[in-house]
Amino acid sequence: MNGSLEGKVALVAGGTRGAGRGIAVELGAAGATVYVTGRTSGAERSEMNRPETIEETAALVTQAGGRGIAIKVDHLIPEEVRSLVARIETEQGALHILVNDIWGATRMEWNKTVWESDLDNGLHLLRLAVDTHAITSHFALPLLIKKPGGLVVEVTDGTDAYNAANYRVSFFYDLAKAAVGRMAFALAHEVKSYGATAVLLTPGWLRSEAMLEAYRVTEANWREATKISPHFAISESPHFVGRAVAALAQDADVARWNGQSLSSGQLAKIYGFTDLDGSQPDAWPYVVEVQDAGKPADVTGYR
């Protein structure tokens, strides 16, 4: 499918690192022009205080075969997002793919009730996870729906089914993930009559830069981390969810997915793409049937 997104324009909002970077690069590998936004640019870092930059992601997009364009944007500031979309329209005349991958939360509190949680931190998390997506959609969708065939991808953590049945981390994290899922559902209803498609998409256990660093491994030797956390064997690189988005964007019948909750592992089986190592990790069934069930780590049948 190499080159089949030539002439298409994508905005990966929150493309500095992790899933956003993987998605941007794989859209570039398929030939797309990709606008990469985030708050970490040059020497200026966001509150996450990590070294990855939007410029690095844009360079990787171009290296992969597309055209990467980095623009520093704080998606909590409406005027910055308005200006971003106006620039895309001026430079490209269209927007075909919108990926809402903005997150940026750092002050996570695990297993805390709403009354135990730091209220300022919790409300800030909701703003980063929910307000940013709403603001971006508000300004970007009028451009995306000008022509039929547009695709909106809301990136989250966990399928709708898993999140509905399981308490996720804390009150505020749980609420954030439920809200993003509902946003994808609502957007699907709103864009359908314009010939566009909106979906919810989750990676599995993501080997983000921060995760690799936490386990003191690299993408080259990530399996060493299974000595510390055996279930890490089901993990996937950011390129895997990136290939899921690229596959959706190249599907002439993508409208069949409108309003649905999807996972990278699920789509790999349908579209036939693999992770960097040639495998197809299917994390969410594994989490339910092996990890949460208290069974020993064994990816047989899941990878």
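Let me sum up the structure you'll find in this document. (Residues numbered from 1 in each chain as written. Predicted model: local features only at pLDDT ≥ 70, side-chain atom pairs only at ≥ 80, totals over all residues. Heavy atoms only, no water.)

1. A short note on the side chain of S237
So, step 1. When you line up the elements, S237 lands in the loop between α7 (209–214) and α8 (238–250).
So, step 2. Not counting chain neighbours up to four residues away, the residues in contact with S237 comprise L206, R207, E219, D275 and L276. (Helix = DSSP H or I, 4+ residues; strand = E, 2+ residues; numbered from the N terminus. Contact = heavy atoms within 4.5 Å.)

2. A closer look at the packing of aromatic side chains
So, step 1. The tally for this structure, following the rule as stated, stands at 8 aromatic pairs.
So, step 2. Ring centres of Y162 and W284 lie 5.0 Å apart, and the angle between their planes is 50°; on these two criteria the pair is classed as tilted. Of this pair, Y162 sits in helix α5 (residues 160–165) while W284 sits in helix α10 (residues 283–291), and the two are 122 residues apart along the sequence.
So, step 3. Y162 gets classed as buried once you look at its relative accessible area, which sits at 12%.
So, step 4. W284 gets classed as buried once you look at its relative accessible area, which sits at 10%.
So, step 5. Ring centres of F171 and F172 lie 5.0 Å apart, and the angle between their planes is 90°; on these two criteria the pair is classed as edge-to-face.
So, step 6. On the accessibility criterion, F171 (36% relative accessible area) is partly exposed.
So, step 7. A network of ring pairs unites the aromatic residues W205, Y215, W222 and F232 as a single cluster.
So, step 8. Here the basic side chain of K177 rests over the ring of W103, its NZ or CZ set 4.2 Å away from the ring centre.
So, step 9. Its end group placed over the ring of W222, R207 keeps NZ or CZ at 3.9 Å from the ring centre. (Phe/Tyr/Trp six-rings, centres within 6.5 Å; stacked < 30°, edge-to-face > 60°. Buried < 20%, exposed > 50% of the residue type's maximum accessible area, 1.4 Å probe, protein only. Lys NZ or Arg CZ within 6 Å of the ring centre and 35° of its normal.)

3. Looking at the environment of T159
So, step 1. By secondary structure assignment, the location of T159 is in the loop between β5 (151–155) and α5.
So, step 2. Distance in space between the C-alpha atoms of T159 and G204 is 9.4 Å, their sequence separation being 45 residues.
So, step 3. Excluding residues within four positions of it along the chain, T159 makes contact with T202, S261, S263 and W284.
So, step 4. From its side chain, T159 meets the backbone nitrogen of Y162 in a polar contact 3.0 Å long. (Polar contact = N/O pair within 3.5 Å; in protein donor to acceptor, adjacent residues only side chain to side chain.)

4. Section: empty space enclosed by the protein
So, step 1. A complete count under the given rule lists 2 cavities of 30 Å³ or more for this structure.
So, step 2. Reported here for the largest cavity is a volume of approximately 60 Å³.
So, step 3. As for the largest cavity, its lining consists of R107, M108, E109, S117, N121, G122, L125, S170, F172 and Y173.
So, step 4. Of all elements in the fold, only α4 (119–144) and α6 (171–191) reach the threshold of two or more residues within the lining of the largest cavity. (1 Å grid on protein atoms, 1.4 Å probe; cavity = no way out; pocket = protein on both sides within 12 Å on 5 of 7 lines; lining within 4 Å. Points joined across faces, edges and corners; volume = space filled by probe spheres on them.)

5. Quick word on the environment of S279
So, step 1. Here S279 lies in the loop between α9 (264–271) and α10.
So, step 2. A polar side-chain atom of S279 sits 2.6 Å from a polar atom in the side chain of D277.

6. Brief notes about the sheet that holds β5
So, step 1. Strand order in the open sheet formed by 7 strands is β3-β2-β1-β4-β5-β6-β7, with parallel pairing between adjacent strands. Strands at the two margins of the open sheet, each flanked by one partner only, are β3 (67–72) and β7 (261–263). Averaged over all neighbouring strand pairs, the angle between strand axes comes to 20°, with direction disregarded.
So, step 2. As defined by bridge partners, strand β4 (residues 97–100) adjoins β5 across 4 bridges and the pair is classed as parallel. (Pairing = 2+ DSSP bridges. Axes fitted to C-alpha atoms, helices over the stretch in contact; angles between N-to-C directions.)

7. Brief notes about the nonpolar core
So, step 1. Counting 35 residues, the largest nonpolar core has L27 and V34 as the members making the most contacts within it.
So, step 2. Looking at which element gives the most residues to this core, the answer is α8, with 7 residues.
So, step 3. In contact with L27, other than residues within four places in its own chain, are L5, A10, V12, A32, V34, I97, V245, A246 and A249.
So, step 4. Residues L11, V73, V81 and L187 belong to the second largest nonpolar core, which totals 24 residues. (Core = buried A, V, L, I, M, F, W, Y, C linked by side-chain atoms within 4.5 Å.)

8. Some thoughts on unusual backbone geometry
So, step 1. Here the phi dihedral of N111 falls at roughly 55°; this positive angle occurs in a residue that is not glycine.
So, step 2. The residue N111 is located in the loop between β4 and α4 in this model.
So, step 3. Taking relative accessible area as the criterion, N111 reaches 60% and is therefore assigned exposed.
So, step 4. The phi dihedral of V169 falls on the positive side, at around 70°, and the residue is not glycine.
So, step 5. Along the chain, V169 falls in the loop between α5 and α6.

9. Notes on the side chain of R50
So, step 1. Relative to the elements of secondary structure, R50 occurs in the loop between β2 (33–38) and α2 (54–64).
So, step 2. The class of R50 is buried, set by a relative accessible area of 11%.
So, step 3. Separated by 2.8 Å, the side chains of R50 and E52 make a polar contact.
So, step 4. Only 3.3 Å separates the side chain of R50 from the side chain of E213, close enough to count as a polar contact.
So, step 5. Residues contacting R50, with those up to four places away along its chain left out, are R17, T40, R45, E209, A210 and E213.

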